[in-house]
Amino acid sequence: MTPSGAGQAAVGQPAASRPAAGPGAAARAALGSVLPTSWTEAGGRGRVGGVPLADLADRFGTPLVVVDERHLEERLAAFRAAFGPEADLTYAGKAFLCGALVRLLDREGWFVDVVSGGELELVRRAGFPMARVLLHGNAKSVAELTHAVELGVGRIVVDHPDEIGEIRRAARAGGAERPPAVMLRLNVDLAPDTHEKVRTVGPGAHFGMGTASAAAVAREVAGAEDIRLTGVHIHAGSQIRDPALFARVATAAVDFVAPLRDCFPDTVELDLGGGLAAPYRAGERVPSPRRYAEALRAGLDAARVRDRIGRHRLIVEPGRSVIANAGLTLYRVHARKRLDGADEILAVDGGLSDNPRPSLYGASYEVLNASRLRDGAERVFRVVGRHCESGDVVAPAAVLPGGSGVGDVLAVPATGAYVFAMSSRYNGVGRPAVVFVRDGAAREVVRRETDDDLLACDLALGVPEPAADGARPLTAAEARPSRER
């Protein structure tokens, strides 16, 4: 249970340099916050939530996303303790979203932000209060904006001036009970130190409006009866480790609002986004929720928010830092082989379609053998996925027990965020199931996609033609060999 992928470039998560960790408690200590808090070892096998991971793989199949529900609740509580009741804690749904999580967020009093009509519909069907929903997005369709207005979502974050007209037309056409509330997304040059693909402010970023454009919109809608301007939004990016950057975000928001104070209501909403980093590799250090809150408050104080703006309401949007380390992904090894002049390979039954981050960003992960945490001397394996891409590499240099082989269950921690959410159907591989675990029990919250799910939208296959002899053609599931069904 030692570092995998050492030296691999990663999205805001430099590979840690440390000596190899031994098995058991020593390895658990070295991995630190990368693993779910309920991770334990018993009988040489890994457990989360008191459930053996290999048993979960047998029961639900692989690939499988496993979420430690107690870890998740503890993270939500840590953010609440850090910010107190004076902030609206808003979960960034794009990191990971499912009905069970939405209902947990509702019980904990959180808000949710969504970035599409699909995410909005998921939240609605989960029974979440629309007043605690924020709709983001840099290219929202007219249909999405109209639906958001009809549902009465709490806030629509306006990404560009043209959206103002669409929102106002939707409000008039739908006879909204209250004028829709909007916030202006600002693009300010804060130079966050993170991977360029997850940096969302500054030159070249295609999110939000420059301050001059946003100021013109604020003046246009100030005092309007068919739309309510409630505040501003700034999100600098993801995997941010420097608390000083969060302080600059807070200061930039105050600096924009102060000269336009008359355009805003008595209480100005300052949505300062998210972006707090999560650890992906053993030994990585990231700011705590409390340090994050302190940095934002320091920025507000430095900008003299009370003198220049007066009454205000803080909104923050953590996502990755809430869910990333609560989750891990299980794979089953299908092949062990050595290629001429190459490393020894373990090929697993997932990869690119359920986690594109290594290919997209060079993301780096730890890998553990949940079936045999100790089995002889450790050795380096290249863990590869099942897809027809040379870039489908889960970890280029995973140090695992030398006895690792076909049938073993490998666990990849820190995959709660931007893994299931970014999964695809590449190569006709259905998306994985998701299970929540706690106190020795597991419950499936998202079922695995079947062949029928994959083919449901293919109109040529929707009404099968009768066979020549009049017999009904076999479905894809029926056509599979019986041992695979």
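For the structure, see preceding data.
Residues numbered from 1 in each chain as written. Predicted model: local features only at pLDDT ≥ 70, side-chain atom pairs only at ≥ 80, totals over all residues. Heavy atoms only, no water.

## With respect to the pairing of strand E17 (residues 393-401)
- E17 sits mainly inside the fold: 7 of its 9 residues count as buried.
- Bridge analysis of strand E16 (residues 378-384) against E17 gives 6 bridges, and the strand direction is antiparallel. Its bridge partner being in E17, Phe381 is matched across the sheet by Ala398. (Buried < 20%, exposed > 50% of the residue type's maximum accessible area, 1.4 Å probe, protein only. Helix = DSSP H or I, 4+ residues; strand = E, 2+ residues; numbered from the N terminus. Pairing = 2+ DSSP bridges.)

## Comments concerning the sheet that holds strand E6 (residues 111-114)
- Read once around its circumference, the closed barrel built from 8 strands follows the order E5-E6-E7-E8-E9-E10-E11-E12, with strand pairing classed as parallel. When strand polarity is set aside, the average angle formed by the axes of neighbouring strands in this sheet is 30 degrees.
- Bridge count between strand E10 (residues 228-233) and strand E11 (residues 268-271): 3 bridges; the pairing is parallel. In the sheet register, His233 faces E11, and the bridge partner there is Asp271.
- Sheet contacts for helix H3 (residues 69-83): strand E5 (87-92) and strand E12 (312-316); angle to E5, the most-contacted strand, approximately 150 degrees. (Axes fitted to C-alpha atoms, helices over the stretch in contact; angles between N-to-C directions. Contact = heavy atoms within 4.5 Å.)

## Focus: the environment of Phe111
- Take Phe111: it is sitting in strand E6.
- Given a relative accessible area of 17%, Phe111 falls into the buried group.
- Measuring from C-alpha to C-alpha, the distance between Phe111 and Phe128 comes to 9.0 Å, with 17 residues separating the pair along the chain.
- The contacts of Phe111, once residues within four sequence positions are left out, are Asp88, Leu89, Thr90, Tyr91, Phe128, Ala131, Arg132 and Leu134.

## Some words on the pattern of salt bridges
- Counting across every chain of the model gives 30 salt bridges.
- Glu69 is paired through a salt bridge with Arg443; the nearest N and O atoms lie 3.1 Å apart. Of this pair, Glu69 sits in helix H3 while Arg443 sits in strand E20 (residues 441-446), placing them 374 residues apart in sequence.
- A salt bridge links Arg338 to Glu344; the shortest N-O distance between them is 3.3 Å.
- Taken together, the salt bridges that share partners define one network made up of Arg70, Glu73, Arg438 and Asp439. (Salt bridge = Lys/Arg side-chain N within 4 Å of Asp/Glu carboxyl O.)

## Things to note about helix H4 (residues 99-107)
- Of the residues making up H4, those classed as buried are Ala100, Leu101, Val102, Leu104 and Leu105.
- Each element contacted by the buried residues of H4 is listed here: H3, E5, E6, helix H5 (117-125), strand E19 (433-438) and E20.
- In the stretch just after H4, Gly109 is the one whose phi turns positive, near 80 degrees.

Nothing here speaks to function; it is geometry throughout.
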